[in-house]
Amino acid sequence: MFDTVLLRSFVTVAQEGSFTRAATRLHLTQSAVSAHLRRLEEQAGTPLVMRTTRSLALTPDGEELLGYARAILALNRDARARLHRSAGEGLVRIGLSDDFAQPRVMERLHAFGLRHPGLAVNLAVGIPGTLLQAMDRGELDFVMAGRCHDERPGRALWREPLVWAGARWLTIDAALPLPLAVFPEPCPYRDAALAALAHAGIDYRIDVVCPSSAGVHAAVQAGLGVTPMPKSRVDGTLAIMEERWGLPPLPEVEFALFGAANSGSLVDELCEAAQRDLG
């Protein structure tokens with residue numbers, strides 16, 4: 001019989017592709033996570049992970065066990081939730097910013113749903129400003145989004161730099177207005193970028209407005225403009241532009257959890273669960 005603690009460490013290492021990141025996510029030391037993997041390999045009787053100084057990959061047996069491990073952990077969560085379910089049933093409406101629309105976040109929301117089988121989770125994806133306005137109108141109970149200023153109470157998850165991103169081959173002509181690709185208003189990234197350009201005295205024009213990060217990314221990759229985005233979202237097709245072109249620095253982004261003023265105890269529990277899993 002496999003130990004679920006060891007299986008959880010194994011699945012997390014596979015998801016993160018790193019012992020260090022897995023340890024941070026599990027709130028354990030790296031040596032503890034490594035020890036879990038060694039014990040699981042002893043239980044399985046076969047190597048599960050191929051380790052090198054620069055990379056980590058699953059062995060064929062590790063790939064096979066990964067599917068079983070996920071199923072075992074899901075069944076374990078479901079059984080625990082059904083045996084210890086609370087009286088809370090109903091609907092919770094969550095607004096998720098485009099920056100949060102990632103598999104890791106979706107997994108956390110799914111896990112929360114398994115712990116509360118009597119609760120229906122309604123999910124809306126959009127830009128932060130629009131979602132927060134919807135929450136203020138009573139249309140959402142909870143919003144997970146990024147912000148550049150502490151203008152409303154929220155539970156901080158993490159911070160990272162906001163940077164200018166553009167196509168790697170793009171050349172900016174300082175004699176012309178800076179072309180921008182941005183989200184529609186209201187958007188904290190857009191507001192921070194325009195304020196920084198105005199403070200630096202740099203002329204600009206907004207060439208692309210798109211409500212999705214995928215659309216903005218495609219426009220920037222095509223060279224239609226540069227955009228402000230969290231540093232972690234700058235992939236290999238884009239480059240950070242400040243250093244090469246003298247663009248003004250941007251503030252940090254704080255990713256946070258926001259609950260409606262009249263949110264009940266169940267929504268508060270969801271906030272705490274998401275903060276624990278993602279912080």
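Use the structure listed above.
Rules behind the numbers
- Residues numbered from 1 in each chain as written.
- Predicted model: local features only at pLDDT ≥ 70, side-chain atom pairs only at ≥ 80, totals over all residues.
- Heavy atoms only, no water.
- Salt bridge = Lys/Arg side-chain N within 4 Å of Asp/Glu carboxyl O.
- Helix = DSSP H or I, 4+ residues; strand = E, 2+ residues; numbered from the N terminus.
- Buried < 20%, exposed > 50% of the residue type's maximum accessible area, 1.4 Å probe, protein only.
- Pairing = 2+ DSSP bridges.
- Polar contact = N/O pair within 3.5 Å; in protein donor to acceptor, adjacent residues only side chain to side chain.
- Contact = heavy atoms within 4.5 Å.
- Disulfide = S-S within 2.5 Å.
- Patch = residues over 30% accessible without salt bridge, like charges linked within 9 Å, V, L, I, M, F, W, Y side chains within 5 Å.
- Areas by Shrake-Rupley, 256 points an atom, 1.4 Å probe, with all protein chains shown as cover.

A.B. asks: Provide a residue-level description of the pattern of salt bridges, including the pertinent values.
C.D. replies: Pairs can form between side chains of opposite charge once their charged atoms are near each other. According to the stated counting rule, one finds nine salt bridges in the structure shown. For R39, the salt bridge is made with D3, and the minimal N-O distance between the two is 4.0 Å. Residue R39 is located in helix α3 (residues 30–44), and its partner D3 is located in the segment before α1 (4–16); the two are separated by 36 residues in the primary sequence. Exposure remark for R39: the relative accessible area of 41% places this residue in the partly exposed category. For D3, a relative accessible area of 28% corresponds to the partly exposed category. R205 is paired through a salt bridge with D207; the nearest N and O atoms lie 2.9 Å apart. Using a relative accessible area of 39% as the deciding quantity, one classes D207 as partly exposed.

A.B. asks: Now, about the pairing of strand β5 (residues 142–147): what can you tell me, with residues and values included?
C.D. replies: Most of β5 is tucked away, with six of its six residues classed as buried. Along β5, one buried face is formed by F142, M144 and G146 and the opposite face, lined by V143, A145 and R147, is buried too. Two strands pair when backbone bridges link them, and β5 and strand β11 (residues 252–259) are joined in this way by six bridges, in the antiparallel orientation. Bridge pairing links V143 to F258 in β11.

A.B. asks: Describe the side chain of T227, naming the residues involved and giving the relevant values.
C.D. replies: Within the secondary structure, T227 sits in strand β9 (residues 227–230). Polar contacts involving the side chain of T227 include one to the main-chain carbonyl oxygen of A181, which spans 2.6 Å. Those residues within four positions of T227 in sequence are excluded, and the remaining contacts are V163, W164, A165, A181, V182, V216 and V220.

A.B. asks: So what about the state of the cysteines? Which residues, and what values?
C.D. replies: Evaluation of the coordinates by the stated rule reveals zero disulfides. C187 supplies the cysteine sulfur nearest to C148, a cysteine that is in no disulfide, at a spacing of 7.9 Å. Look at C148 and you get buried, because its relative accessible area is 12%.

A.B. asks: So, a nonpolar patch on the surface: which residues are in play, and what are the values?
C.D. replies: Taken together, the side chains of F2, Y68 and I72 present a nonpolar region at the surface, about 280 Å² in accessible area. For Y68, the location among the structural elements is in helix α4 (residues 60–83). Note on Y68: relative accessible area 54%, which makes it exposed.

A.B. asks: Tell me about the environment of Q43, and please be specific about residues and values.
C.D. replies: With respect to the helices and strands, Q43 occurs in helix α3. Placed 41 residues apart in sequence, Q43 and F2 show a C-alpha to C-alpha distance of 6.9 Å. Once you skip the residues sitting within four places of it in the chain, Q43 turns out to touch M1, F2, D3 and L6. Within the local environment of Q43, its side chain forms a polar contact with the backbone nitrogen of D3, the two atoms lying 3.4 Å apart.

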